[in-house]
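The chain contents come next:
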Amino acid sequence: TLADKGVVAWKYATCGYCSTGCSIEVGLNAQGKPVASRGVADADVNRGKLCLKGLAEHEIFAASGRGTKPLMRGHWHEDWQATDWDAATLKVRDEFRRIQAQYGRDSVAVISTGQLLTEEFYTLGKLTRGLIGTNNYDGNTTLCMASAVSGYKRSFGSDGPPGSYEDFSHTDCLIAWGSNLPEQHPIIYYRLKDAQEQRKFPLIVVDPRVTMLAQMADIHLPLTPGTDVVLQNAMMHVIFKEGLEDKRYIEANCNGLEALKAEVAQWDPAKAAKVCGIDEETIRVVARLFAKAPAAMQIWTMGINQSTHGSDGVVGINNLALITGNMGKPGGTSLSITGQCNAMGTREWSSCSGLPNYRYLEDAQHRKEIGEAWNVDPEFFPKKVGLKQTDIFKVMETGQIKGLWIVATNPMSSLPNTASVRRAMQQLEFCVVQDCYEDTECNQYAHVYLPAGTWAEKDGVMTNTERRINRVTPLAVPPGQAKPDLWIFNKIAEKFNEDGRVNFPEKASDIFLEMARLSQGRFCDISGMTHELLEQRRGVQWPYTAEQAARGELPPVGGKRLYTQDATFRFPDGKAKLIALPFVVNYEVPDEQYPFWLNTGRLVEHWHTRTKTGKVGNNNKFSPIPFVELNPDTAAEMGIRRGEYVRLVSRRSDAVVMAQLTQRVRRNMVFLPFHFHDCANRLTIALLDPYSRQPAFKQGAVRVEKIADQ
Ligand code: SF4
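What counts, and where the lines are drawn
Residues numbered from 1 in each chain as written. Predicted model: local features only at pLDDT ≥ 70, side-chain atom pairs only at ≥ 80, totals over all residues. Near = placed C-beta within 6 Å. Helix = DSSP H or I, 4+ residues; strand = E, 2+ residues; numbered from the N terminus. Nonpolar A, V, L, I, M, F, W, Y, C, P; charged D, E, K, R; others polar. Domains from an automatic or database assignment. Pairing = 2+ DSSP bridges. Axes fitted to C-alpha atoms, helices over the stretch in contact; angles between N-to-C directions. Buried ≥ 20, exposed ≤ 12 C-beta atoms within 10 Å, placed from the backbone. Contact = placed C-beta atoms within 7 Å. Arc of directions from axis to C-beta. pLDDT = per-residue confidence, 0-100.

An unreviewed UniProt entry annotates the chain as Nitrate reductase originating from Azohydromonas lata.

**Q** Please explain the site of the ligand as it appears in this structure.
**A** Inspection of the region around the ligand gives 14 residues, with C15, C18, C22, C51 and G54 positioned closest. Residue assignment for the shell around the ligand shows that the elements contributing at least two residues are α2 (52-55) and α8 (186-199). Classifying every residue of the shell around the ligand gives 8 nonpolar, 5 polar and 1 charged. Mapping the shell around the ligand onto the domain boundaries places at least three of its residues in each of domain 1 (2-62) and domain 3 (146-337).

**Q** Looking at this structure, how should I read the sheet that holds strand β10 (residues 219-221)?
**A** Each strand in a sheet pairs with another by means of backbone hydrogen bonds, the pair being arranged parallel or else antiparallel. With respect to topology, 5 strands assemble into an open sheet ordered β10-β9-β8-β12-β13, the strand pairing being parallel. Where the open sheet ends on each side, the last strands, each with one partner, are β10 and β13 (334-336). Averaged over neighbouring strand pairs, the angle between their axes works out to 15° when direction is ignored. In this structure, strand β9 (residues 203-206) lies alongside β10, joined through 3 bridges in parallel fashion. When the sheet's bridge partners are listed, V206 is paired in β10 with L221.

**Q** Even after reading the chapter, I still don't get the environment of L223, so can you show me in this structure?
**A** Mapped onto the fold, L223 is located in the loop between β10 and α10 (228-241). Taking the C-beta count within 10 Å as the criterion, L223 has 22 such neighbours and is therefore assigned buried. For the pair formed by L223 and L518, sequence separation is 295 residues and the distance between their alpha carbons is 45 Å. If we ignore the near neighbours within four places in the chain, the residues touching L223 are V206, P208, D228, L231, C276, G277 and I278.

**Q** Could you clarify how one ought to interpret the sheet that holds strand β21 (residues 540-541) in this entry?
**A** An order of β19-β20-β21 is seen for the 3 strands of this open sheet, with the pairing classed as antiparallel. Every other strand in the sheet has two partners, leaving β19 (460-463) and β21 as the edge strands with one partner each.

**Q** Mind showing me how you'd approach helix α21 (residues 418-426) here?
**A** In an α-helix, one turn spans 3.6 residues; hence positions three or four apart end up facing the same way. Along α21, the residues classified as buried are T418, V421, A424 and M425. Looking down the long axis of α21, one finds its buried residues gathered within 110° of arc, a one-sided arrangement. In α21, the exposed positions that point more than 90 degrees away from the buried face belong to A419 and Q426. Tucked into the core, α21 has its buried residues touching α19 (389-397), α20 (411-414), β17 (430-435) and α28 (680-683).

**Q** Even after reading the chapter, I still don't get the pairing of strand β25 (residues 645-649), so can you show me in this structure?
**A** The side chains of a regular strand alternate, residue by residue, between the two faces of the sheet. Of the two faces of β25, only the one carrying V646 and L648 is buried; Y645, R647 and V649 on the other face are not. Sheet topology note: the β25/strand β26 (residues 654-661) ladder contains 5 bridges and is antiparallel. Each residue of the ladder has a partner; that of Y645, found in β26, is M658. The turn joining β25 and β26, which pair antiparallel and follow one another in sequence, is formed by 4 residues. Both β25 and strand β28 (residues 700-706) contribute to a ladder of 4 bridges, which runs antiparallel. Across the sheet, the residue bridging to L648 is V704, located in β28.

**Q** I would appreciate a short explanation of the confidence of the model for the chain in the present structure.
**A** Parts of the model with low pLDDT should not have their predicted coordinates read in detail. Per-residue pLDDT for the chain averages 94, and the proportion of residues at 70 or more is 99%. Interface scoring of the predicted complex returns ipTM 1.00; its pTM is 0.96.

**Q** Mind showing me how you'd approach the pairing of β9 here?
**A** On β9, burial covers both faces: L203 and V205 on one face and I204 and V206 on the other are all buried. Judged from the 4 bridges that link them, strand β8 (residues 173-177) and β9 form a sheet pairing that is parallel. By the bridge assignment, I175 is partnered in β9 with I204.

Pasting the structure below:
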């Protein structure tokens with residue numbers, strides 16, 4: 001009980017795992033130690049609820065493996081030596097400068113995460129673009145939401161999820177593409193379930209696997225992996241053929257209708273059925289349900305994004321929303337459910353576009369605006385977008401990137417084809433790892449380790465899936481000499497910024513005000529927000545402008561939408577683009593040698609590479625080891641029993657895992673959680689989406705081998 005735990009005070013923050021953005025209170029005992037977590041009842045997002053991960057958030061502060069002092073060594077074969085912050089950060093500067101002088105500016109790279117706070121992203125962006133001067137800086141987005149970013153830009157002219165959770169309460173039909181909310185975003189799922197119980201709208205789930213959400217669906221479309229675009233084209237074929245499109249809306253709001261119509265004319269449901277594996281009558285039924293609903297909504301997650309057709313899949317979703325006149329309607333949005341707690345922060349403020357608040361390195365005006373704000377010569381900025389995380393490692397493997405700074409991420413486990421990632425890491429002349437844990441796989445190859453604060457040992461904001469900016473307040477201090485990431489960025493900036501030319505505020509609240517000023521008049525306008533307002537309101541969705549604040553207009557509690565029904569898209573004429581999507585098979589498919597589809601994904605208990613959840617109580621107890629889901633009929637044919645270990649072999653490598661027999665996967669598919677080191681990503685393939693550079697984690701091929709004598 002709470003009394004047993006001795007809670008004497010509760011402190012407010014936002015959960016640091018997924019992008020739902022649940023408001024959380026952490027209970028502190030008399031010694032100030034975090035001992036309990038609970039949901040905040042008056043928060044619009046979670047209404048008092050937390051999932052399994054959120055309920056254990058307080059445990060992460062004292063989890064094993066926390067780094068407590070900066071470490072250095074000459075080579076990664078050698079033992080670590082403890083050092084101080086000055087020596088460690090000076091080493092980072094000197095090594096980066098040496099490498100840049102010898103091999104060129106872009107021979108160094110920085111990769112970060114969705115776990116940092118937005119003020120930290122902003123500061124890291126200022127440091128990498130404005131002082132180090134490389135364009136090779138990428139967040140985790142490339143593994144997670146880059147296809148959504150790219151798809152939104154291609155369709156609407158800008159990134160930015162257009163809807164809100166409140167749209168569930170207005171919709172009359174919902175399609176979930178490759179999204180398993182009950183396990184991946186449990187609290188968003190509660191919002192959906194509550195709304196569906198009240199409104200009884202049909203829930204249609206598109207997913208090759210019988211996920212938990214698919215089990216709750218009215219219609220489940222178990223399509224062939226990688227063929228979402230074909231299904232979308234066939235649905236649009238039916239909608240146009242039966243005259244179900246919203247002609248008035250298209251005329252007023254969209255360009256590109258004729259090319260789209262010509263493409264989808266080729267995809268009658270009978271032809272599409274042969275490719276996507278969904279029978280033609282079901283395609284017709286779903287297309288009609290969607291098009292005839294007064295308001296129809298679509299959500300998606302990694303099933304769409306993590307594909308060589310990721311960006312196209314997002315555009316296909318947007319096409320469907322546009323031709324049925326759903327954009328801007330309550331309950332009629334296309335809403336990407338983002339991944340990490342602050343994946344949106346990195347999209348808005350740093351790595352994706354190159355410069356803050358959706359400004360672009362390629363744009364001379366944007367370079368000028370930010371150069372003036374930061375006191376950096378606009379000519380110093382790199383002039384093109386740099387490499388994405390997936391490409392950084394490909395280039396590293398060739399030896400052209402020699403210095404790497406890894407911040408709060410773990411590519412040795414999270415990237416596809418980890419054998420090639422290992423080869424890439426071994427090419428580095430210098431690697432610095434900044435993380436709250438010193439036992440991450442990447443740290444094996446580091447020359448400098450910088451111990452960082454975790455989640456609510458830090459101060460700042462995060463943006464959730466529905467563009468709601470939420471507060472994180474410091475509840476605890478980092479252990480030993482560990483420091484918040486913002487402090488570390490400022491310390492390194494101090495070394496690069498010898499003449500003090502560029503201003504690096506120390507306090508998160510001052511950085512937020514600088515960001516708010518830079519946002520004024522822009523699409524993602526946060527100029528009316530302050531840390532205090534965000535805390536009082538349990539988060540505020542952008543935009544919320546200084547003018548609104550000056551008028552005394554309080555931000556609404558929920559339900560804001562980015563676009564209206566009146567051509568408010570971000571292209572010069574205000575219209576959205578309908579884009580024709582030809583389909584080609586550009587991914588690995590099963591064959592005689594590797595006859596099973598390999599599908600990878602998440603479990604409710606774990607978070608990404610388990611650096612956190614692998615160490616906290618029930619999360620790890622409930623799901624301690626990797627397993628593979630195998631169809632019982634397939635297993636019977638191969639003589640494999642439940643609980644036996646099997647060997648999975650792909651063209652990249654192999655992995656030995658325990659078999660779990662379940663009808664969730666079809667006979668020619670296996671599903672493997674990606675959280676465990678040296679497991680799923682030994683097998684996955686590094687084929688990338690051509691627009692977003694996101695890997696096809698969910699389309700690969702393996703064979704299953706029985707291991708004798710168990
Ligand atoms: Fe945290 Fe996401 Fe669970 Fe909410 S749903 S408690 S944000 S992990």
